[in-house]
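# Working through the structure, step by step
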Amino acid sequence: ETLTGRGYRIDEVPGEGYRLLETPAMLDGCDIRTALAGTLLGKEIYTFGKITSTNDVAIALARGGAVEGTLVVAEEQTRGRGRQGRGWHSPPGTGLWFSIVLRPAFEAADCSVISLAVALGIARVLRGSYAVKAQLKWPNDVMVNGRKICGILTEGEFIGNKVSFIVVGIGLNVLTGAKEFPREIRDIATSLKIESPGVTGRTQVLADVLESIESEYDRLCTRGFEEIRQEILEHSFLIGRLIKVVTGDGEVDGIAHDIDRMGALIVRKDNGSLERIIAGDVVRVI
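Below you will find a few notes about this structure.

Calculation rules
Residues numbered from 1 in each chain as written. Predicted model: local features only at pLDDT ≥ 70, side-chain atom pairs only at ≥ 80, totals over all residues. Heavy atoms only, no water. Pairing = 2+ DSSP bridges. Helix = DSSP H or I, 4+ residues; strand = E, 2+ residues; numbered from the N terminus. Axes fitted to C-alpha atoms, helices over the stretch in contact; angles between N-to-C directions. Contact = heavy atoms within 4.5 Å.

### A few points about the sheet that holds strand β9 (residues 162-173)
Spatially, 7 strands are ordered β3-β4-β5-β9-β8-β7-β6 in an open sheet, and the strand pairing comes out mixed. The open sheet terminates on both sides in strands that have one partner only, identified here as β3 (45-51) and β6 (134-137). The sheet shows a mean angle of 20° between the axes of neighbouring strands, direction not considered. As paired elements, β6 and strand β7 (residues 141-144) share 4 bridges and run antiparallel to each other. Across the sheet, Leu136 pairs through a bridge with Val142, a residue of β7. Contacting β5 (95-102), β6, β7, β8 (147-159) and β9, helix α4 (residues 112-129) runs over the sheet at an angle of about 165° to β6. Contacting β4 (71-77), β5 and β9, helix α6 (residues 203-223) runs over the sheet at an angle of about 30° to β5.

Dropping the structure here:
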């Protein structure tokens, strides 16, 4: 009766038992936990209908002592955000809007590589399990056919130069139809449903993504960024292409040449010199 009240369709045959016919469209913590095979991410799960931002909740939980691997999932965000305070379109029932709490034994200067490791995990599972040619756009996006399918926002707090916690917020478009995106992003966004039409649900996608992220995070923590850097370069959307990057100091034009051992983007400018960019937005790719 409790499950039926939550939207599950259950067939009862007197004297024989029950059969599950359909699970609800909404993401459910029990379903997520059942689908997960990992041991870290999803250790604690908080699910919400409508909230401002999963990062807001995850940060509050982290400050309160939430364990590493805590997962916050929402059906809808009213103030979902990306880098530089940009909004993130996150309507109900269409995507995966979630945040995870991490507590790596890193120094503050080493944390820039976390977004890249998470992006690699997402790209790997999209390529492997869903036959989608996903690529990484430095520093925090996953692209398919030149359009953004996933954005990542990493926020954290530090004690001195040591990490207190890192919260990684992820927005992955799953079931959004081509005409359901707002007009202003319709030409630059895509979804798993568009790129892999057989996808009909979100719970298993979330479980697959979390397990892949956990694998890459484990490699990063135990073996270091160099262990995964070559794969990031191989799946890069930028390397070898002419780009424009906006930084706090101005604009940089050139060829995306490399991503170094600290996660910085190396750009070869027209005069042949190399410029190392720690933080910035790539606003043009040719």
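Okay, back to it.
### Description of the environment of Glu107
Tracing the chain through its elements places Glu107 in the loop between β5 and α4. Separated by 103 residues in the primary sequence, Glu107 and Leu210 have C-alpha atoms spaced 24 Å apart. Once residues lying within four places of it in the same chain are set aside, the contact partners of Glu107 are Asn161, Lys162 and Val163.

Any functional reading would require information beyond the geometric quantities listed.
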